[in-house]
Each structure stands twice: as structure tokens, then as C-alpha cells.
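Examining the three-dimensional arrangement
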Amino acid sequence: TSDQDDMLLTPEEEQTIAGRVVGVVMRFDDLEETLYKKVSGVGWVKKYDEWVSFGVLSEENEVDSRIQQDPLFAMSRAECLLAVFLHTIEAPRLKEIDVVLPGGSNVDFIDSDRFEVIIGDSDG
């Protein structure tokens, strides 16, 4: 919660955010692998060297130092990893058990290019 901007979260919203953080952290390696596969499989990302907009590097062995040096890269990676988590883990599971979280599980916080690559055909 934040008293400074009058943006108070409900207990349900706080629990949802905490659950997502834990969910991403627990599946971090798998989510990173999925994100890399999705991004590296798209021709225009390679052609126009757009890896960074997804928080991905063509050679992931340098990713840790890039995250420490480049806050925008780190933010893009976090957004994309969250999008992968919501789309591939949270939303299907909640649908299966017929539960709706505050604000839903929609990936509505990334631009259309990133959405198409990450969510696009759902499995690709």
C-alpha cells in the first residue's frame, strides 16, 4: 500500500501480487527458457537486433551483468517473464479451478510487438 499517492491495495490485491512474485521466482529457470525460446524463434527480433526490448540477449551467458548495468533491460525482462507466467501458468490453472483474481490474469501491460511474440499463437 502507499499512503503518499492514495493508491491502497485491497488484501486480495496484495495477496495476488505476492503470489505472482513467488510463482515467478519458483519457476524462474523454466520461464527464462520459455521466454528465450519464444524470442529467439522470431526472425525480426534477430534481423533488427530487438533482443533487448524483451530483456533477452542472443547469448544469455551475459544476462546477469546486463541486468545489473541496465535497469530498462531488467524491467523489460521482468515484464516479459511475468507475461509468460500469467499466460502459461496462472491463467490456465485459474481457469481449471474456476477462480478469478482481482484484475484478472490478462497480459495487458506490454506493447503489441512483445505481446505477439510472447503470447501470439499461444504455444509458439
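Above this text sits the structure in question.
Cut-offs applied
Residues numbered from 1 in each chain as written. Predicted model: local features only at pLDDT ≥ 70, side-chain atom pairs only at ≥ 80, totals over all residues. Heavy atoms only, no water. Helix = DSSP H or I, 4+ residues; strand = E, 2+ residues; numbered from the N terminus. Buried < 20%, exposed > 50% of the residue type's maximum accessible area, 1.4 Å probe, protein only. Contact = heavy atoms within 4.5 Å. Areas by Shrake-Rupley, 256 points an atom, 1.4 Å probe, with all protein chains shown as cover. Lys, Arg positive; Asp, Glu negative; His and termini not counted. Charge placed at Lys NZ, Arg CZ, Asp CG, Glu CD. Axes fitted to C-alpha atoms, helices over the stretch in contact; angles between N-to-C directions. Parallel < 35°, antiparallel > 145°, perpendicular 65-115°, else oblique. Nonpolar A, V, L, I, M, F, W, Y, C, P; charged D, E, K, R; others polar. Salt bridge = Lys/Arg side-chain N within 4 Å of Asp/Glu carboxyl O.

Points about the overall build of the protein
When its secondary structure is counted, the protein shows 6 helices and 0 strands. When the helices and strands of the protein are listed from N to C terminus, the series reads α-α-α-α-α-α. Considered along the principal axes of its C-alpha atoms, the protein spans approximately 45 × 35 × 25 Å. In the protein, which comprises 124 residues, the proportion classed as buried is 30%. Residue pairs in contact within the protein that sit at least 24 positions apart in sequence constitute 50% of those at least 6 positions apart. Summed over its atoms, the accessible surface of the protein is roughly 8200 Å², and 52% of this surface lies on carbon and sulfur atoms. In the protein, 11 side chains carry a positive charge and 27 a negative one; their mean positions are 7 Å apart.

Structural notes on the packing of helix H2 (residues 28-40) against helix H5 (residues 71-96)
Packing of H2 against H5 brings their axes to within 10 Å, and their N-to-C directions diverge by 100°. Between H2 and H5, the angle is such that the two are roughly perpendicular. Residues Phe28, Leu31, Glu32, Thr34 and Leu35 of H2 lie in contact with H5, whose contacting residues are Arg77, Cys80, Leu81, Val84, Phe85 and Thr88. Among the residues forming the contact of H2 with H5, the class breakdown is 7 nonpolar, 2 polar and 2 charged.

A few points about the pattern of salt bridges
Side chains carrying opposite charge are able to pair once their charged atoms draw close together. Summed over all chains, the structure comprises 8 salt bridges. One salt bridge connects Glu32 with Arg77, and the closest N-O pair in it is separated by 2.9 Å. Here Glu32, found in helix H2, pairs with Arg77, found in helix H5; they are 45 residues apart in sequence, far enough to count as distant. Linking Arg93 and Glu96 is a salt bridge whose minimum nitrogen-to-oxygen distance equals 2.5 Å. In this pair, Arg93 and Glu96 both sit in helix H5, 3 residues apart, roughly one turn of the helix. Connected through shared salt-bridge partners, Glu32, Glu60 and Arg77 make up one network.

A short note on the packing of helix H1 (residues 11-26) against H5
To characterise two packed helices, one gives the angle between the axes of the helices and the distance between these axes. Direction vectors running N to C along H1 and H5 enclose 90°, while the axes themselves pass 10 Å from each other. It follows that H1 is roughly perpendicular to H5 by the angle criterion. Within the contact between the two elements, H1 uses Arg20, Gly23 and Val24 and H5 uses Leu82, Phe85, Leu86 and Glu90. In terms of residue class, the contact of H1 with H5 is built from 4 nonpolar, 1 polar and 2 charged.

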